[in-house]
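# Residue-level structural notes
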Number of protein chains: 6
Amino acid sequence: MGWLDEGALFNQISAFLAEDLGRGDITTQACIKRNASARGRFLAKEPMVIAGLEAAEAVFATLDSQQQLEAFVSDGEEVSAGKVIARTNGFADVLLAGERLALNLLQRLSGIATLTRQFVAAVEGTGAVIVDTRKTVPGLRMLEKYAVQAGGGRNHRFGLDDGVLIKDNHIALAGGVGAAVKRAKESVGHLHKIEVEVSRERDLREAVEEGADILLLDNLTPEETARFVRLARELAPAVLLESSGGITLENVRAYAEAGVNLVSVGALTHSARAMDISFKIQPG
Amino acid sequence: MGWLDEGALFNQISAFLAEDLGRGDITTQACIKRNASARGRFLAKEPMVIAGLEAAEAVFATLDSQQQLEAFVSDGEEVSAGKVIARTNGFADVLLAGERLALNLLQRLSGIATLTRQFVAAVEGTGAVIVDTRKTVPGLRMLEKYAVQAGGGRNHRFGLDDGVLIKDNHIALAGGVGAAVKRAKESVGHLHKIEVEVSRERDLREAVEEGADILLLDNLTPEETARFVRLARELAPAVLLESSGGITLENVRAYAEAGVNLVSVGALTHSARAMDISFKIQPG
Amino acid sequence: MGWLDEGALFNQISAFLAEDLGRGDITTQACIKRNASARGRFLAKEPMVIAGLEAAEAVFATLDSQQQLEAFVSDGEEVSAGKVIARTNGFADVLLAGERLALNLLQRLSGIATLTRQFVAAVEGTGAVIVDTRKTVPGLRMLEKYAVQAGGGRNHRFGLDDGVLIKDNHIALAGGVGAAVKRAKESVGHLHKIEVEVSRERDLREAVEEGADILLLDNLTPEETARFVRLARELAPAVLLESSGGITLENVRAYAEAGVNLVSVGALTHSARAMDISFKIQPG
Amino acid sequence: MGWLDEGALFNQISAFLAEDLGRGDITTQACIKRNASARGRFLAKEPMVIAGLEAAEAVFATLDSQQQLEAFVSDGEEVSAGKVIARTNGFADVLLAGERLALNLLQRLSGIATLTRQFVAAVEGTGAVIVDTRKTVPGLRMLEKYAVQAGGGRNHRFGLDDGVLIKDNHIALAGGVGAAVKRAKESVGHLHKIEVEVSRERDLREAVEEGADILLLDNLTPEETARFVRLARELAPAVLLESSGGITLENVRAYAEAGVNLVSVGALTHSARAMDISFKIQPG
Amino acid sequence: MGWLDEGALFNQISAFLAEDLGRGDITTQACIKRNASARGRFLAKEPMVIAGLEAAEAVFATLDSQQQLEAFVSDGEEVSAGKVIARTNGFADVLLAGERLALNLLQRLSGIATLTRQFVAAVEGTGAVIVDTRKTVPGLRMLEKYAVQAGGGRNHRFGLDDGVLIKDNHIALAGGVGAAVKRAKESVGHLHKIEVEVSRERDLREAVEEGADILLLDNLTPEETARFVRLARELAPAVLLESSGGITLENVRAYAEAGVNLVSVGALTHSARAMDISFKIQPG
Amino acid sequence: MGWLDEGALFNQISAFLAEDLGRGDITTQACIKRNASARGRFLAKEPMVIAGLEAAEAVFATLDSQQQLEAFVSDGEEVSAGKVIARTNGFADVLLAGERLALNLLQRLSGIATLTRQFVAAVEGTGAVIVDTRKTVPGLRMLEKYAVQAGGGRNHRFGLDDGVLIKDNHIALAGGVGAAVKRAKESVGHLHKIEVEVSRERDLREAVEEGADILLLDNLTPEETARFVRLARELAPAVLLESSGGITLENVRAYAEAGVNLVSVGALTHSARAMDISFKIQPG
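Here the structure is a predicted model, which is why all the values come from computation and not from measurement.

### Details of the sheet that holds strand β8 (residues 194–198) of chain A
All names here are of chain A. Taken in spatial order, the six strands of this open sheet run β6-β11-β10-β9-β8-β7, and their pairing is parallel. The open sheet terminates on both sides in strands that have one partner only, identified here as β6 (129–131) and β7 (164–166). Between one strand axis and the next, the sheet turns by 25° as a mean value, whatever way the strands run. Here β8 runs beside strand β9 (residues 214–218); their pairing, made up of four bridges, is parallel. Directly across from V196, in β9, lies its bridge partner L215. Set on the sheet, helix α7 (residues 177–187) makes contact with β7 and β8; between it and β8 the angle comes to about 175°.

### Section: the relation of the copies chain C and chain B
Relative to chain B, chain C is turned by 180° and slid 0.1 Å along the rotation axis, the superposed coordinates differing by an RMSD of 0.0 Å. These values place the two chain copies in the arrangement generated by a two-fold rotation axis.

### So, the pattern of salt bridges
Applying the stated criterion across every chain yields a total of 78 salt bridges over all chains. Of the charged contacts in the structure, one is a salt bridge between E144 of chain D and R108 of chain D, with a shortest N-O distance of 2.7 Å. Of this pair, E144 of chain D sits in helix α5 (residues 141–150) while R108 of chain D sits in helix α4 (residues 92–122), and the two are 36 residues apart along the sequence. The class for E144 of chain D is buried, based on a relative accessible area of 0%. R117 of chain F serves as the salt-bridge partner of E78 of chain F, at 3.4 Å between the closest nitrogen and oxygen. Here the residue E78 of chain F occupies a position in strand β4 (residues 78–79), and R117 of chain F occupies one in helix α4 (residues 92–122), the gap between them amounting to 39 residues.

### A word on the sheet that holds strand β12 (residues 277–283) of chain F
In any sheet, the strands associate via hydrogen bonds between backbone groups, in a parallel or an antiparallel arrangement. Residue and element names in this part refer to chain F. Strands sit in the order β3-β5-β1-β12 across an open sheet of four strands; the sheet is antiparallel. At either margin of the open sheet sits one strand with a lone partner, and together these are β3 (69–71) and β12. Averaged over all adjacent pairs, the angle separating strand axes in this sheet is 20°, with direction ignored. As defined by bridge partners, strand β1 (residues 37–44) adjoins β12 across seven bridges and the pair is classed as antiparallel. Residue pairing for β12: F42 is matched across the bridge by F279.

### Quick notes on the packing of helix α3 (residues 53–63) of chain B against helix α4 (residues 92–122) of chain B
Residue and element names in this part refer to chain B. The geometry of α3 relative to α4 is characterised by a closest axis approach of 9 Å and an angle of 155° between their N-to-C directions. On the basis of the axis angle, α3 is roughly antiparallel to α4. Judged by the sense of rotation from one axis to the other, the crossing of α3 with α4 is right-handed. On α4, the residues touching L53, A55, A56, V59, F60 and L63 of α3 are V94, L95, A97, G98, E99, L101, A102, L105 and L106.

### Here we look at the pairing of strand β10 (residues 240–244) of chain F
Residues and elements named next belong to chain F. Of all the five residues making up β10, four are buried; the element is thus mostly covered by neighbouring parts of the structure. Here strand β9 (residues 214–218) runs beside β10; their pairing, made up of five bridges, is parallel. Pairing of L217 across the sheet is with S243, part of β10. Crossover handedness for the path β9 to helix α9 (residues 222–235) to β10: right-handed.

### Things to note about the packing of aromatic side chains
Each aromatic ring pair is summarised here by two numbers: the centre-to-centre distance and the angle between the ring planes. All names here are of chain A. This structure, assessed with the given rule, holds 18 aromatic pairs over all chains. Ring pairs connect the aromatic residues F42, F60 and F279, which therefore count as one cluster. For K145, the ring lying beneath its charged end belongs to F158, and the centroid distance is 5.2 Å.

### Remarks on the interface of chain C and chain B
You'll often see interface size given as the accessible area lost when the parts meet. Between chain C and chain B, the residue contacts involve 19 residues of the former and 19 residues of the latter. Counting each side, the surface lost to burial between chain C and chain B is near 1,600 Å², with a carbon and sulfur contribution of 53%. Per-residue buried area on chain C facing chain B is highest for H190, L191 and K193 of chain C; these three make up 48% of the total on that side. Joining chain C to chain B, the criterion identifies twelve residue pairs in polar contact (both at pLDDT 80 or more). Mapped onto the side of chain C that touches chain B, the elements with two or more residues apiece are α7 (177–187) and β10 (240–244) of chain C.

### Let's talk about the relation of the copies chain A and chain B
Overlaying chain A with chain B gives an RMSD of 0.0 Å, the required rotation being 180° about an axis along which the chain moves by 0.0 Å. Looking at chain A, 100% of its interface residues are interface residues in chain B too, so the copies touch through the same face.

### Some thoughts on the interface of chain A and chain B
With 67 residues of chain A at the interface, the matching set in chain B holds 67 residues. The junction of chain A with chain B conceals about 5,200 Å² of combined surface from both sides, 57% of it contributed by carbon and sulfur atoms. By the criterion of area lost to chain B, the three top residues of chain A are P138, L160 and L173 of chain A, representing 14% of everything that side buries. Inspection of the chain A/chain B interface yields six salt bridges. With a closest N to O distance of 2.3 Å, D168 of chain B and K280 of chain A form a salt bridge. Viewed at the interface, chain B and chain A are joined by 44 residue pairs in polar contact (both at pLDDT 80 or more). When residues of the side of chain A that touches chain B are assigned to their parent elements, the largest contribution, nine residues, is made by helix α4 (residues 92–122) of chain A. A breakdown of the residues in the side of chain A that touches chain B according to their chemical character gives 31 nonpolar, 18 polar and 18 charged.

### A closer look at the confidence of the model for chain A
Per-residue confidence for chain A averages 95 on the pLDDT scale, and 99% of its residues sit at or above 70. Both scores are available for the predicted complex, with the pTM at 0.95 and the ipTM at 0.95.

### Some thoughts on α4 of chain A
All names here are of chain A. For α4, with 31 residues, the first-to-last C-alpha span of 44 Å sits near the 45 Å given by 1.5 Å per residue. Taken as a whole, α4 carries its principal kink of about 40° at E99. Here α4 lies mainly inside the structure; 26 of its 31 residues are buried.

### Re α5 of chain D
Residue and element names in this part refer to chain D. Within α5, eight of the ten residues are buried, which leaves it mostly tucked inside the rest of the structure. Turning to α5, its buried residues are R141, L143, E144, K145, Y146, A147, V148 and A150. In the segment just after α5, G152 is the residue with positive phi, at about 100°.

Reading the values: rules and limits
Residues numbered from 1 in each chain as written. Chains lettered and ligands numbered in written order. Predicted model: local features only at pLDDT ≥ 70, side-chain atom pairs only at ≥ 80, totals over all residues. Heavy atoms only, no water. Pairing = 2+ DSSP bridges. Helix = DSSP H or I, 4+ residues; strand = E, 2+ residues; numbered from the N terminus. Axes fitted to C-alpha atoms, helices over the stretch in contact; angles between N-to-C directions. Contact = heavy atoms within 4.5 Å. Least-squares fit on C-alpha atoms with pLDDT ≥ 70 in both. Salt bridge = Lys/Arg side-chain N within 4 Å of Asp/Glu carboxyl O. Buried < 20%, exposed > 50% of the residue type's maximum accessible area, 1.4 Å probe, protein only. Parallel < 35°, antiparallel > 145°, perpendicular 65-115°, else oblique. Left-handed = near helix turned anticlockwise from the far one by under 90°. Right-handed = clockwise from strand over helix to strand, strands pointing away. Phe/Tyr/Trp six-rings, centres within 6.5 Å; stacked < 30°, edge-to-face > 60°. Lys NZ or Arg CZ within 6 Å of the ring centre and 35° of its normal. Buried area = accessible area lost by both parts, 1.4 Å probe. Polar contact = N/O pair within 3.5 Å; in protein donor to acceptor, adjacent residues only side chain to side chain. Nonpolar A, V, L, I, M, F, W, Y, C, P; charged D, E, K, R; others polar. pLDDT = per-residue confidence, 0-100. Expected span 1.5 Å × (residues − 1). Bend = angle between axes of the 7 residues up to and from the residue.

Next comes the structure, spelled out in structure tokens:
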């Protein structure tokens, strides 16, 4: 048992395989001899940070408990174009049945890890931490957040139940930043900190006064961010500060240099493109 | 019951909500009054083709069977920036619990529909049809293929069980194009056509000889494609032809003009970026 | 992984065992010593074609992962009365808990295989192929279609999603054979052929004109069938022809000799009787 | 809530529909207009006892919660050939999607009810009760036992957990009838009676001596049965007697007249043939 | 396969672990090195009868299929304070993830076994049997009834489907004891006995007359019980008698001495307190 | 949607009903007329704090979606012996099928609420808050934690994933309090506080130095607790303090008066006894 729950991973992989296989792979049944053996290799076709090897292995192991994947790199490692990432051998029908899903996972997760690595590199030396968001593909959150880690980022909330983050919509309904934070302090469990979005100086002051632990500076310019950071540090030296909204590879360093502790980037998961990886099978 | 199976959609939405909600939305529990009512609006922040309204509605209906979404556009419609796409009202906690998932679905599916529409526009007048692939996000295939339709594309196979497509890996294992097609013709059910990948003239000839119904021209240049098309039409006037591999918005028209019937584009689903859509909630 | 998906088979067997075992086998708990060992033999009590050995083995393996079935014949083999089909040994309570389900499966699947073999024998030499229908027992379709194969038949559609077959009810709703085939040609995926039921000459002509790939000749006499076959071959030499409706062991050869390619027989699955097989247990 | 658990029935029907529909009815999608309405009628094509109307209704209601079935007869009623059993109207795609499953259920369950009714009629006036066995199709036990009731029979055990029946295999393992009954009396819950198979006079005596409540006379001739009945009544006037094994419509009355209380008939469920019922759809 | 169905046990344990682990043990992830090994010991902190070792072992085996529990006692054994009950070693994170659930099960089940043993001891020599009720914690019935057995008690019904027990509410609805028993005799399966609650002499007479097999004497004093026992034995020597209602460790012997065969005690399961057991982990 | 997730509650109730009903309530089927109507009343037989009315209502609503429970009190309210808590009417078989489960839930949850209320009363005026633990019955955690709230207590962690609590076993494996807290501060998400168990002054100093947010004072006497509280307040005025271990109704006030913020009490859930509540049914 590691960071990813194995049982849950296998259940997910089974559901994903069912989606692709339906009643079975009729092409392979029609043109490949039963019990033929084969070997396959995953090949990086462009430079990338790898993520998802464990998931890819689980694809084949779910189809045939005997089958293993021999990986030549580890999740989080950077590879250049042409690198053989992993190989596997076993029954030809198992390789053909798992090919597409294994690739879909590896390509997407490596895409996320690669993009994350670029953001992390862009803020190097500033002390700011790149974190993800809940803007993940429905059903893939654990895997996508794992890929963010592989890329060098850190994880924000995994769901609505494991952290308090009071955003604009809550504030509108609660009647203001101060009222929202105050109510949250009274009723939330003693192990949870409270983060609140502030977009005006007055809100920042209210939030700090009511004891917010973390301030989310959403959709500000880097300059506004710097100003808010100075004010917040003055009022509450221990408060944590997070930037979010419209963060790109181009502007992320400006936010980091404005002095925030964290920069959260939705694009890590909602707009990463798939990396180009191929899977070639030969008679084994 | 329409194209999407309602029961299956609701089961999926439930699983997606469970992923995000875990034991419940502790922020809302902490700072919003129970039974408060609210209204929310989905707003397009950039031009796009909409897809996923039914899925977004299912999110709220799963949380509260009474709640409905009033849509101002239909899936497949193009909207400009600033357009209010839909609105809903009900319990504040339901709106807050469903917000992120509804957005994640709408943003991704509209991203796919928008990209598909661009590819469809690029081949307008050529007679070629844009089709998708199985390079979808695991677990979202039905929804993503629905978004391709909303964008004006058509669907290739839904899974390995509903069509015969003999690709390079099958050919390598079966001992050649001719052998593979021959074996498939003998054993596949009488309702299925046979598509086979050909990358050399010799393979094209073998495939046609053995009675393949559709030829997949993978990773050829537009010029090679045109040459293969001429040869195929000569040998078998009724055969269908499909281009795939490395198709971009820039080169798709060249492939279409080479005379193929279908162009399949993996990027429609594996590399679409999320559209920018916001959800604003006000006390109701 | 073979033709039957092992994971799916084990899930089904588990559900079937739960149906029979409920909270446990109270007779065995009441009168057999715990951990007693035993051996059992399956015995054919009449001549039959065997099918379902893998399913029977799965019953015992689901109850106790160590337990195996040693089969003395293979699925699809004909045996005479008195033949010991298979034996197994292990814990007495496992044998007693699995006995009824293993027999129910073996007896029914062998019944289907046996009846199929009789139909196949009846058309020997005519070139016609015996195929099944969707008239299977709900929940057992994959196993029953497997038994048809074991008997020497071939499979028609596995479900409504893996083949286009336009029948009388579709035609009534679509406004005629021609209209139905035309619409289907326009909208169905490019990998699917189109089969349509025709019961009048006019319909046959319309179907062929619109490009139907296969014609289903339903509820015709052998003589009418022969006439339709001649007409169809004249109009479209490549079209496939299938007879169905009221096919019995007595009349099946007449249909085959009328020249159709396929004869589909609902009775293979909806009216096969269970074969007589016993399971005798002795102290082990 | 009636005899059949509604929730369980709907879960089963959903699974059965999934088996048949897979990713959806591609024929109907291809050739019928969306939202077209239609009406359908179930017609008996031969005389039969009806069973399964509730299950057939559940098929359509599972596809579309609004849709209802108007039945013109009740389960357990005899109808002649030509009788319209029920009708329904609604969306055409719902009728077409549910047609096959509804028929498969109605035809099989009516087959069981009809055969049961024949056995019941054959023993009329003798006082003997016709009961079923666990020789049911895996997964359909509750529905099949319901059909036996509709036919006028009564139900034996529903599973291994709701009754004690010591059979030949238990006796072989327990070391004799007497030992088996004795152990069972000591350890089974106080609410359960004990039934035991006896095939020799000596066994009958042992069983009665140890206090068995019911004796199963398996695979005896009617004459042997009569002799065993006399002996048993002499030794234990209150003991119940059940005949089983090789019971047919031809010989069942002889067993009943031999004086047993119950005759159990495996053929009711393992070898009933499907009744001929059609479903005709018209534009609605 | 023993008394507890292993597959069902593992499914339950998985659900229980999911309840406690959610998305994972964030404390252990945060402060323990990955792959650290450890050993743990379960220690009885007070005298008790042990129950639940198999369940505790299943907790760790579910988390890591390699991990085993070495037990130093057996379920049903009495231990004194200070006894090391079992030990296990493996990955530190597995021990920490399973600790609480293993303890919650062991502590509760041992609590039930211990209390049951006290009741059993209290009636020693009287011939009366202590039985449980359906007053178990929802979801834990099989495990709790197992613990009752470990404590030396016997099990009453496992659910509403495995025994007929006509209680006050049934009698009120059926129109009296006699009517209820009579109807039950006519319609219940032939393998079931009939138990009925009687609280007045007249009811007892009616019940016996209609052939009830067991009488439940509910909420009587020991003296009334003795009187009812005498009357029942006179009218029907073979009838079984059960006391229930308000039975405590103080008065249970009086009921047993009144001559009943069974005493059922709800407190065994509904009011047992958890035994004090600790689990200490050391680096392994 | 409230504090308890309705969908999850209904799923749980369904599973609990399946546990009790199995294949159905054979007593009611045997002796009550189908479709008979009835009314039932829940009656408190001793003083108590009520909890679980929503769960009890869900039991009947799961059996029959029409059926409702009219409650005369609210969860969290104190009632005296003799109070009619709620009534319901509907089909007799629904009332009888749900009776035991509804009672099992109401009796246990009210037991927890009642015991919690006693602990809350015992610390009145001290400012200390009574909180629960994870020592809940497996499978019932959400319901039991709800009952603690109804009793006036507050909830500690819901699972291992929603709060960091470093206990003795973690410390032993991490190599000391300081090392454990330090590592946790570095790696845990920014929204989580860190609580750590301290049992020696030196540990308390280390914990505070490394920035622990909350200290758990486990298994100390009230006097030791007071001393630790003074020291902690001196070193870190903002730190929260929690007592746990061996807390009883007799000593809880002493701990509260020692100055801690929270007292956690395992007995609230692991050793509450069921309250005495009856359900009487009359013909309706």
